[in-house]
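Listed below, chain by chain, are the residues.
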Amino acid sequence: MKWSVWTEAARMRTLPASFIPVLTGGALAWHHQLINWPVSVITLCCAVLIQIATNFANDYFDYKHGADTGERIGFTRATSTGDISPAKMLTVTLVLFFVAFLLGLILVWHAGWPVLLIGLLSITAGLLYTGGPYPLAYHGLGDLFVFLFFGIIAVTGTYYVNSLQWSTEALLASIAIGALSTMILVANNYRDVHTDRKAAKNTLVVLFGERFSRWQFLGLALLAFSVPPCFYLYKSYPPLVMLPLILSPWAILLIRRFWLETEKKNFNRILIQTAQLMAIYGILFSMGIVLS
């Protein structure tokens, strides 16, 4: 089987949602002279493994729920096309989650039971996102899941395993990263609204309409770009921490395209650009924190 089939199923374009939170939490640990490089590398590996495993789980469970049909205009799903058998997709999913759990035990040994709780919750939520008796994504809870696990928990958890303490600065930074991660999901769900509705996959855009999602995308962007000024004004960071604001024109153009685009198939490109925005924002934000 071609390696490209697995890389496509892993949705590599969305991986900024896993490495940017770790980068941001690590940058704050560096700023406070509490960075632990081996721990940061292991945390990054766990985060990426959990996201890829979650993507594989979504591929498998959406196929089982009938959400991936010939009408789908999003990126190719390997299970529904027959490129990967359901049994093999599920097996690889569980193996990746298990490997992430084993790696996470090193972090548990280093940082204690809070990390075990975070890891178990992350893996469980990854499976329950589209699987289990009450799939989160099918009941309007996908956005909350992404905001919490790819924002709040990922950034503050990364800071904690490095420093062995919690930080209000990490919590503040996690709001921006969570908002950007959720913007990727909003673009994805907006594109799939018609097929999701037929499959009874009740995302927020299915429940509340496309106008709601346009405002949601705008609000999340405003939330993300309001965080760096808060670091400058209320946390006494130097102006360098506001480096992400140079991306404001790009964000405005992206929001405008989201609002005005009428062809759902073109939201594949919007999704990719949103992930790219998150990646560059996270790099600039982390640079600003480190250089501060």
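Up top you'll find the structure we're talking about.
An account of the accompanying structure is given in this report. The structure displayed is predicted, hence computed values, not measured ones.

### Side note on the overall build of the protein chain
Part 1 of the argument: Each helix and strand counted, the protein chain has 13 helices and zero strands in total.
Part 2 of the argument: Ordered by position in the sequence, the α and β elements of the protein chain form the string α-α-α-α-α-α-α-α-α-α-α-α-α.
Part 3 of the argument: Against the globule reference of 19 Å for 292 residues, the protein chain gives a C-alpha radius of gyration of 19 Å, in line with a compact fold.
Part 4 of the argument: Overall, the C-alpha framework of the protein chain stretches about 50 × 45 × 35 Å when taken along its three principal axes.
Part 5 of the argument: Counting across all 292 residues of the protein chain, residues that qualify as buried make up 55%.
Part 6 of the argument: For the protein chain, restricting intrachain contacts to residue pairs at least 6 apart in sequence, the fraction spanning at least 24 positions comes to 75%.
Part 7 of the argument: Of the roughly 12,900 Å² of accessible surface on the protein chain, 69% is carried by carbon and sulfur atoms.
Part 8 of the argument: Measuring between centres, the 19 positive side-chain charges of the protein chain sit 2 Å from its 13 negative side-chain charges.

### Things to note about the packing of helix 2 (residues 16-31) against helix 7 (residues 142-163)
Part 1 of the argument: Look at helix 2 against helix 7: their axes get within 8 Å of each other, and the N-to-C directions meet at 40°. With respect to their mutual orientation, helix 2 and helix 7 come out oblique. Note that helix 2 runs across helix 7; the crossing there is right-handed. Residue-level contacts link Ala 17, Ser 18, Pro 21, Val 22, Thr 24, Gly 25, Gly 26, Leu 28 and Ala 29 of helix 2 to Phe 150, Ala 154, Val 155, Thr 158, Tyr 159 and Asn 162 of helix 7.

### Examining the packing of aromatic side chains
Part 1 of the argument: Going through the model one piece at a time under the given rule, you end up with 17 aromatic pairs.
Part 2 of the argument: Centre to centre, the rings of Trp 6 and Phe 56 are 5.3 Å apart; their planes meet at 70°, and the pair counts as edge-to-face. Of this pair, Trp 6 sits in helix 1 (residues 3-9) while Phe 56 is found in helix 3 (residues 37-65), placing the two residues 50 residues apart along the sequence.
Part 3 of the argument: Its relative accessible area of 4% is what places Phe 56 among the buried residues.

### Remarks on the state of the cysteines
Part 1 of the argument: Inspection of the entire model under this criterion finds zero disulfides.
Part 2 of the argument: A disulfide-free cysteine, Cys 45 has its sulfur positioned 7.0 Å from the sulfur of Cys 46, the nearest such atom.
Part 3 of the argument: Overall, the relative accessible area of 35% leaves Cys 45 in the partly exposed class.

### What about the side chain of Asn 58?
Part 1 of the argument: When you line up the elements, Asn 58 lands in helix 3.
Part 2 of the argument: Exposure remark for Asn 58: the relative accessible area of 5% places this residue in the buried category.
Part 3 of the argument: In this structure, Asn 58 is in contact with Arg 11, Tyr 63, Arg 77, Tyr 129 and Thr 130, ignoring residues within four places of it in sequence.

Rules of the game
- Residues numbered from 1 in each chain as written.
- Predicted model: local features only at pLDDT ≥ 70, side-chain atom pairs only at ≥ 80, totals over all residues.
- Heavy atoms only, no water.
- Helix = DSSP H or I, 4+ residues; strand = E, 2+ residues; numbered from the N terminus.
- Rg over C-alpha atoms; globule rule 2.2 N^0.38 Å.
- Buried < 20%, exposed > 50% of the residue type's maximum accessible area, 1.4 Å probe, protein only.
- Contact = heavy atoms within 4.5 Å.
- Areas by Shrake-Rupley, 256 points an atom, 1.4 Å probe, with all protein chains shown as cover.
- Lys, Arg positive; Asp, Glu negative; His and termini not counted.
- Charge placed at Lys NZ, Arg CZ, Asp CG, Glu CD.
- Axes fitted to C-alpha atoms, helices over the stretch in contact; angles between N-to-C directions.
- Parallel < 35°, antiparallel > 145°, perpendicular 65-115°, else oblique.
- Left-handed = near helix turned anticlockwise from the far one by under 90°.
- Phe/Tyr/Trp six-rings, centres within 6.5 Å; stacked < 30°, edge-to-face > 60°.
- Disulfide = S-S within 2.5 Å.

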